[in-house]
Each structure stands twice: as structure tokens, then as C-alpha cells.
Amino acid sequence: MSDDNEPSVNISGGDAGGGAAAEFDPATADTRAERVVDRLGELYWQKTYGGQDAFTCLVRTILSQNTSDVASQPAHDALVDRYGGPDRDLAESLADAEQSELAETISSAGLYNQKSAMIIGAAEEILEEFVSAAGFDDFVREAEPETVRERLLEIHGVGPKTADCVLLFAGGRGGVFPVDTHVHRIYRRLGIAPADADHEAVRAVLERDIPAAKCGFGHTASIQFGREYCTARKPACLEDPDACPMADVCDQVGVYPETNEVVDPAEAAD
């Protein structure tokens, strides 16, 4: 179990963010996936979504790729300190940035040469089409979600998880359940998604089986659950089946307490 306290500020934009907190009652859940999210609602605080600036959210999510929050947060803070500010358009600043300088600024996030090129390219593309970071923000908040998702996926370096995070945390869109490595592992291990499902297939199952108002919370709470209980190598159930709050709704795909072995669910399906 982690000793980390919940952040004092809502990561999705605080009280001023869009959306509404959902109610969580496992007894009334219609699907096993919804029951899992409702239990997560009993474990962790409830969040509302929306309120982040879309371009800043995009940059933050690119920085978080293939690294931890511990590494990416200082990179994000350093980037905003150098290129942001109340009187500066972040997209304009980054489109004009010298790549070597930006790479140095975000070095704590890892893969800084690749990420700096992605960020500058995204800034240039967004300015060309949307004129400013504010214009991009309007597009993310107001256009049809599928239209926004498709456009985001056309930006070099933006994959499905990054696009969905922008839709959720900037757009405040309901029914969006981003799938990162934790979510991909957990819901296949639970047996809710097929063991060999890719990230997009897991997303389709979750967005089908979980009410739209609960998807955003489900995403962030699942990540916390994956860090505290359902870790990749040593899930809580490996030594004590009763240690996990999802024990009675989990198929333990790829987890073998009798041999103390853990494999990717896709390998268990072979």
C-alpha cells in the first residue's frame, strides 16, 4: 500500500473544472466493470473533470509518455516557467523555441530529444490551424468528441491515450476512459476485457460497460488502484487473496499464487 496522500488540488481542474461528481454504489451497478469503478469510488476521492487548458494538457501528456509523474512533473513545471506566463501564448512560445534549449528544459522527463521535437511540431501545427492556444482550446471543448479525437491523432506523437486525456482533462467530456499501462493491465487481469486485447479494445469495453459520468473518475482511480494494489509484478492478491478489494470480482488472469508467478494476461491466454 502507498502512503501517498491525495493531492490537495483536484488534478482535473479543481472546483472550477467542468463536469460533475458521480455517485458510486456497487449494489446498483449494471456491469462488472461498473461495479469495479463503484468500489474505486469508495476507496478514493471523487473528481470532476475539465478545466485544463487544452494545449497545456497536450504538452503535459506528451511529457508523461513512457515515464512517471515524478519525472515528468518537474519537466512540465520547468517548461511552463521558461515558455509560459499570463501574457504569453504557450503555443507561440513553443513553436518558436530552439529545440536544444527545450530538450534541456524537459530533460527530467526522459526521451527529451524526441519529446521536444514532438512538442514544437504540435505547437506549429496547432498555430497553423487554430491560430492560437485559445483557438485550439475552443476546438477541444466545443467540437464533436470524435472529431477532436481524430484530429488529435493526426498530430505526430499523439496516440490514443494522449488524445483521450486531452478530451477528458481539457474538454471535460463524459464517456472518455483513457487506457494507460495500468488500465490495460488491470482490466485484462480482472477478466473484464479479453486477455489479449490491445489498448483500443480495452477502451471500447470500458466505455461500453461503464456509465459516461464515471469514466473519467474510473481512469484516474484505476491508475491509483494499479499503483497500490494491482501492480505489474507483485499484485496484492499474490500473497493474500483477501488483500485486494476487487478479489471477488477478479478472474486473476495471469496471476498464480500457488507458484508465486505473474505473467501478462495475454501470455496466460496462450
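As a reminder, the structure under discussion sits directly above these lines.
Calculation rules
- Residues numbered from 1 in each chain as written.
- Predicted model: local features only at pLDDT ≥ 70, side-chain atom pairs only at ≥ 80, totals over all residues.
- Heavy atoms only, no water.
- Axes fitted to C-alpha atoms, helices over the stretch in contact; angles between N-to-C directions.
- Helix = DSSP H or I, 4+ residues; strand = E, 2+ residues; numbered from the N terminus.
- Parallel < 35°, antiparallel > 145°, perpendicular 65-115°, else oblique.
- Left-handed = near helix turned anticlockwise from the far one by under 90°.
- Contact = heavy atoms within 4.5 Å.
- Nonpolar A, V, L, I, M, F, W, Y, C, P; charged D, E, K, R; others polar.
- Core = buried A, V, L, I, M, F, W, Y, C linked by side-chain atoms within 4.5 Å.
- Buried < 20%, exposed > 50% of the residue type's maximum accessible area, 1.4 Å probe, protein only.
- Salt bridge = Lys/Arg side-chain N within 4 Å of Asp/Glu carboxyl O.
- Phe/Tyr/Trp six-rings, centres within 6.5 Å; stacked < 30°, edge-to-face > 60°.

J.: Help me understand the packing of helix H8 (residues 145-153) against helix H9 (residues 160-169), please; the structure alone is not making it clear to me.
T.: Any two packed helices are characterised by the angle at which their axes cross and by the distance between the axes. Between H8 and H9, whose axes approach to 9 Å, the crossing angle comes to 135°. Considering the angle they form, H8 stands oblique to H9. Our pair here, H8 against H9, has a crossing hand that is right-handed. Facing H8, whose interface residues are Pro145, Val148, Arg149, Leu152 and Leu153, H9 presents Pro160, Ala163, Asp164, Val166 and Leu167. Counted by class, the contact of H8 with H9 contains 8 nonpolar, no polar and 2 charged residues.

J.: Help me understand the nonpolar core, please; the structure alone is not making it clear to me.
T.: In summary, soluble globular proteins display a tendency toward joint burial of nonpolar side chains. In this structure, Phe55, Leu58, Leu79, Leu94, Ile119 and Phe136 are the most contacted members of the largest nonpolar core, which totals 42 residues. When residues of this core are traced back to their parent elements, those giving at least two are helix H2 (54-64), helix H3 (69-83), helix H4 (90-95), helix H6 (112-130), helix H7 (133-142), H8 and H9. In this structure, Leu79 is in contact with Val59, Leu63, Gly84, Leu90, Leu94, Leu102, Thr105, Ile106 and Ile119, ignoring residues within four places of it in sequence. The next biggest cluster of nonpolar side chains, apart from the first, holds 29 residues, and it includes Val36, Val183, Phe225 and Cys230.

J.: Looking at this model, I keep getting lost on unusual backbone geometry. Mind explaining?
T.: Residues apart from glycine generally show negative phi values, whereas peptide bonds are mostly found in trans. Backbone geometry at Asn66 places phi at a positive 60°, although glycine is not the residue there. In this model, Val131 sits at a positive phi of 75°, which is unusual for a non-glycine residue. By the element assignment, Val131 lies in the loop between H6 and H7. Taking the relative accessible area as the measure of exposure, Val131 reaches 61% and is therefore exposed.

J.: Teacher, can you tell me more about the pattern of salt bridges here?
T.: Any two side chains of opposite charge can pair, on the condition that their charged atoms come close. Within this structure, the stated rule accounts for 15 salt bridges. Among the ionic pairs, Lys214 bridges to Glu34, the shortest N-O distance being 2.7 Å. Placement of the pair is Lys214 in helix H12 (residues 212-228) and Glu34 in helix H1 (residues 32-43), with a sequence separation of 180 residues. Here Lys214 matches Glu34 in class, with each residue buried. Linking Arg39 and Asp248 is a salt bridge whose minimum nitrogen-to-oxygen distance equals 2.5 Å. Separated by 209 residues along the polypeptide, Arg39 in helix H1 and Asp248 in the loop between H12 and strand E1 (255-256) bring together distant segments of the chain. A single network of salt bridges, built from pairs that share partners, joins Arg149, Asp164, Glu200, Arg203 and Glu207.

J.: Explain the packing of aromatic side chains here, please?
T.: Remark: the centre distance and the inter-plane angle together describe each pair of aromatic rings, the angle taken between the planes. Per the stated rule, a full pass over the model turns up 5 aromatic pairs. Here the aromatic rings of Phe130 and Phe136 are separated by 5.6 Å at their centres, their planes lie at 55°, and the arrangement is tilted. Assigned by exposure class, Phe130 and Phe136 land together as buried. Pairwise contacts between aromatic rings join Phe130, Phe136 and Phe139 into one cluster.

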